[in-house]
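# Structural features, examined
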Amino acid sequence: MGDFHPPVEEYLETILELEESGVPAMRARLVERLGVSAPAVSETVARLEREGYLHLDEARVIRLSDSGRDYATAVMRRHRLAERLLTDVLGVPWAEVHEEACRLEHAISPRLEAYLVERLGDPGTCPHGNPIPGSAHPAKDEQLTALADVRAGGAAVIRRIDEELEAHPDHMHMLESNHLLPGQELQVSGVSASGVTVTVNGAEVSVTDAVAAKVYVAA
């Protein structure tokens with residue numbers, strides 16, 4: 001896969017995350033998600049293209065090659081297993097595991113990964129409901145929609161939180177403190193231009209449109 005530094009692995013993983021969310025993987029998106037300069041992104045993307053891990057199509061959308069996808073998938077798998085380790089074994093708060101897993105994912109060897117899978121029971125999803133690639137227990141395939149698109153009066157069950165939202169601890173703490181976690185049933189009691197109001201366990205919670213757009217539910 002090449003001898004890359006962790007930041008380069010993050011590029012490949014982020015491209016795969018964008019694909020997972022249905023967002024075109026443009027260089028501008030990488031600037032936003034990774035918090036680095038446009039010249040730095042262009043330089044790294046060019047390097048990865050030379051190495052054969054990706055290419056830019058006619059619309060300048062970044063496309064992973066087979067080897068790039070394999071590499072990105074391996075990093076994503078380690079990240080989500082690390083999140084499970086942090087929540088299920090170490091008891092790290094749900095809202096905080098993403099950032100810690102970003103550090104751990106680069107240090108997990110194939111041998112350690114095997115031990116993690118055995119210890120954790122080969123989970124199908126991370127604590128935020130996102131699928132763990134390669135699991136023998138994948139989450140069931142169902143049609144999901146953004147919470148922001150559920151009409152007032154509609155009932156839904158939270159299934160997963162978008163990776164982009166996970167990178168914002170303030171939003172994640174809000175979700176956790178209001179029990180807006182995967183598996184939670186809710187009722188959309190109101191919809192406005194700024195967001196939605198949901199009823200959870202008998203309590204009303206206001207969710208901004210930016211957050212509601214990244215919380216995926218089965219309605």
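Residues numbered from 1 in each chain as written. Predicted model: local features only at pLDDT ≥ 70, side-chain atom pairs only at ≥ 80, totals over all residues. Heavy atoms only, no water.

What follows is about the overall build of the protein. Of the regular secondary structure elements, the protein holds nine helices and eight strands. The globule rule puts the C-alpha radius of gyration for 219 residues at 17 Å, and the 18 Å found for the protein is close to it. In the protein, the proportion of contacts linking residues at least 24 apart, taken out of those at least 6 apart, comes to 64%. Distance between charge centroids for the protein: 3 Å, based on 20 positive and 36 negative side chains. (Helix = DSSP H or I, 4+ residues; strand = E, 2+ residues; numbered from the N terminus. Rg over C-alpha atoms; globule rule 2.2 N^0.38 Å. Contact = heavy atoms within 4.5 Å. Lys, Arg positive; Asp, Glu negative; His and termini not counted. Charge placed at Lys NZ, Arg CZ, Asp CG, Glu CD.)

For the rest of this paragraph, the subject is the environment of E176. Mapped onto the fold, E176 is located in helix α8 (residues 169-177). Owing to a relative accessible area of 24%, E176 belongs among the partly exposed residues under this scheme. Along the backbone, E176 and E20 are 156 residues apart, and their C-alpha atoms lie at a distance of 23 Å. With residues up to four places along the chain from it excluded, the contact list for E176 reads P93, W94, A95 and L181. (Buried < 20%, exposed > 50% of the residue type's maximum accessible area, 1.4 Å probe, protein only.)

A few words now on the sheet that holds strand β6 (residues 195-200). An order of β3-β8-β4-β5-β6-β7 is seen for the six strands of this open sheet, with the pairing classed as antiparallel. Where the open sheet ends on each side, the last strands, each with one partner, are β3 (145-146) and β7 (203-208). Looking at chain direction, strand β4 (residues 155-161) and strand β5 (residues 185-192) are connected through three bridges and run antiparallel. The residue bridging A156 from the neighbouring strand is L186, located in β5. (Pairing = 2+ DSSP bridges.)

What follows covers the side chain of E166. Mapped onto the elements of the fold, E166 is located in helix α7 (residues 163-166). It is R80 that comes nearest to the buried, bridge-free E166 among opposite-charge side chains, at 5.9 Å. At a separation of 3.1 Å, a polar atom in the side chain of E166 contacts the side chain of H98. When neighbours within four sequence positions are excluded, E166 is seen to be in contact with E83, H98, H128, N130, I161 and M172. (Salt bridge = Lys/Arg side-chain N within 4 Å of Asp/Glu carboxyl O. Polar contact = N/O pair within 3.5 Å; in protein donor to acceptor, adjacent residues only side chain to side chain.)

Let's shift gears to the environment of V198. You can see V198 is positioned in strand β6. Along the chain, V198 and R103 lie 95 residues apart, while their C-alpha atoms are 34 Å from each other. V198 has contacts with L147, L180, L186, Q187, V188, S189, A203, E204, V205 and V207, leaving out every residue within four places of it along the chain.

Next up on the list: the state of the cysteines. Going through the model one piece at a time under the given rule, you end up with zero disulfides. No disulfide involves C102; its sulfur sits 11 Å from the nearest other cysteine sulfur, which is in C126. A relative accessible area of 24% places C102 in the partly exposed class. Its relative accessible area of 1% is what places C126 among the buried residues. (Disulfide = S-S within 2.5 Å.)

Another point: the pattern of salt bridges. The final tally for this structure, using the stated rule, is 13 salt bridges. The residue R80 makes a salt bridge to E20 at a minimum N-O spacing of 2.8 Å. Of this pair, R80 sits in helix α4 (residues 66-89) while E20 sits in helix α1 (residues 6-20); the two residues are 60 residues apart in sequence, bridging distant segments of the chain. For R80, a relative accessible area of 0% puts it in the buried group. On the accessibility criterion, E20 (28% relative accessible area) is partly exposed. Residues E163 and R80 are paired through a salt bridge, measuring 3.0 Å at the closest nitrogen-oxygen approach. With E163 in helix α7 and R80 in helix α4, the pair connects residues that are 83 residues apart, well separated along the chain. In this structure, E163 and R80 share a single accessibility class: buried.

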